[in-house]
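Secondary and tertiary structure notes
As a plain string of letters, each chain reads:
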Amino acid sequence: QKEVEQNSGPLSVPEGAIASLNCTYSDRGSQSFFWYRQYSGKSPELIMSIYSNGDKEDGRFTAQLNKASQYVSLLIRDSQPSDSATYLCAVRNRDDKIIFGKGTRLHILP
Amino acid sequence: SAVISQKPSRDICQRGTSLTIQCQVDSQVTMMFWYRQQPGQSLTLIATANQGSEATYESGFVIDKFPISRPNLTFSTLTVSNMSPEDSSIYLCSVDRAVNEQFFGPGTRLTVL
């Protein structure tokens, strides 16, 4: 049973549109949730963290958490070509370990 | 965030040899983590390295294959022993910083022939 699931993509979004990335997790006791961006050949870079239900906004990024549905999402507004990357969802589970999804490849079309 | 450096950044090694990867952090941290990212895959935690104690290994990883040192609060090494082509991967160290967040080093890209 996979613990953190993401659609692998690629997800293609026109420049200027909203990109929506989704993630589900299996451990209901998880309390911390993260989104990382990984450019090809680079290491993951933390872009958002969220701990409570609802929305958290940071610039063009909004993270959404619904613990009842075990669902986390990331919205990227006004998508730019530089947003093209793989986005990794990560969850800190009840064993205090961070588990990563396989990532969604996002491609912003100029 | 944290400034984390790794050496080497990449290497090509022969089957049966060993490679030691170094990870240096710009400030003292309690725990350091070693991950592997195989081609097209996500990150898999190999082990957690605490200063002054034995590393804690995840299921599927053993000390004989991946010995870890943690001599002080800013430095750790991971050795990939008796390498085979299946060990070709990116190896990343990471640290926890304030507010429960984890930051990664630049990674070591290993190719085993």
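Quick look at the structure, then. Remember, it's a predicted structure, so these values are computed and weren't measured experimentally.

**Notes on the environment of Thr 24 of chain A**
All names here are of chain A. The topology assignment puts Thr 24 in strand β3 (residues 19-25). Considering only alpha carbons, one finds Thr 24 and Gln 6, 18 residues apart in sequence, at a separation of 6.8 Å. Those residues within four positions of Thr 24 in sequence are excluded, and the remaining contacts are Glu 3, Val 4, Glu 5, Gln 70 and Tyr 71.

**A short note on the packing of aromatic side chains**
Summed over the entire model, instances satisfying the criterion amount to 8 aromatic pairs over all chains. Centroid distance Phe 61 of chain B to Phe 66 of chain B: 5.6 Å. Interplanar angle 65 degrees. Geometry classified as edge-to-face. Put simply, the rings of Tyr 36 and Phe 100 of chain A together with Tyr 35 and Phe 104 of chain B touch in pairs and so form one group of aromatic residues. The aromatic ring of Phe 61 of chain A is capped on one face by Arg 60 of chain A, whose charged end is 5.6 Å from the ring centroid.

**Remarks on unusual backbone geometry**
Cis peptide bonds are those with omega within 30 degrees of zero, and the linkage from Gly 9 of chain A to Pro 10 of chain A qualifies with 10 degrees. Relative to the elements of secondary structure, Pro 10 of chain A occurs in the loop between β1 (4-5) and β2 (11-14). Residue Pro 8 of chain B follows Lys 7 of chain B across a cis peptide bond; omega there is -10 degrees. Inspection of the secondary structure assignment puts Pro 8 of chain B in the loop between β1 (4-7) and β2 (10-13). Unusually for a residue other than glycine, Gln 70 of chain A sits at a positive phi of about 55 degrees.

**Examining empty space enclosed by the protein**
If a probe as big as a water molecule is rolled over the atoms, it shows which places are left empty. Scanning all chains against the criterion turns up 1 cavity of 30 Å³ or more. Considering only enclosed or pocket space, the largest cavity measures out at about 30 Å³ in volume. Class assignment for the residues of the lining of the largest cavity results in 4 nonpolar, 3 polar and 2 charged.

**Side note on the nonpolar core**
Formed by 40 residues in total, the largest nonpolar core has its most connected members in Phe 100 of chain A together with Tyr 35 of chain B. When residues no more than four places from it in sequence are discounted, the contact partners of Tyr 35 of chain B are Ile 98 and Phe 100 of chain A together with Leu 43, Thr 44, Leu 45, Ile 46, Ile 90, Tyr 91, Leu 92, Ser 94, Gln 102 and Phe 104 of chain B. Val 13, Ile 47, Ile 76 and Val 91 of chain A belong to the second-largest nonpolar core, a separate cluster that totals 23 residues.

**Observations regarding the pattern of salt bridges**
Working definition: two side chains of opposite charge can pair if their charged atoms are close together. One pass over the full model with this rule turns up 8 salt bridges over all chains. The partner of Arg 37 of chain A in a salt bridge is Glu 45 of chain A, and the shortest N-O contact between them spans 3.0 Å. Residue Arg 37 of chain A is classed as buried on the basis of its relative accessible area, which comes to 13%. Asp 87 of chain B is the partner of Lys 65 of chain B in a salt bridge, and the nearest nitrogen-oxygen pair spans 2.6 Å. Of the two residues, Lys 65 of chain B is situated in the loop between β6 (56-57) and β7 (68-72) and Asp 87 of chain B in the loop between β8 (75-80) and β9 (89-97); the sequence distance between them amounts to 22 residues. Residue Asp 87 of chain B is classed as buried on the basis of its relative accessible area, which comes to 5%. Several salt bridges converge on common partners, so that one network encompasses Arg 92 and Asp 96 of chain A together with Asp 96 of chain B.

The rules behind these values
- Residues numbered from 1 in each chain as written.
- Chains lettered and ligands numbered in written order.
- Predicted model: local features only at pLDDT ≥ 70, side-chain atom pairs only at ≥ 80, totals over all residues.
- Heavy atoms only, no water.
- Helix = DSSP H or I, 4+ residues; strand = E, 2+ residues; numbered from the N terminus.
- Contact = heavy atoms within 4.5 Å.
- Phe/Tyr/Trp six-rings, centres within 6.5 Å; stacked < 30°, edge-to-face > 60°.
- Lys NZ or Arg CZ within 6 Å of the ring centre and 35° of its normal.
- 1 Å grid on protein atoms, 1.4 Å probe; cavity = no way out; pocket = protein on both sides within 12 Å on 5 of 7 lines; lining within 4 Å.
- Points joined across faces, edges and corners; volume = space filled by probe spheres on them.
- Nonpolar A, V, L, I, M, F, W, Y, C, P; charged D, E, K, R; others polar.
- Core = buried A, V, L, I, M, F, W, Y, C linked by side-chain atoms within 4.5 Å.
- Buried < 20%, exposed > 50% of the residue type's maximum accessible area, 1.4 Å probe, protein only.
- Salt bridge = Lys/Arg side-chain N within 4 Å of Asp/Glu carboxyl O.

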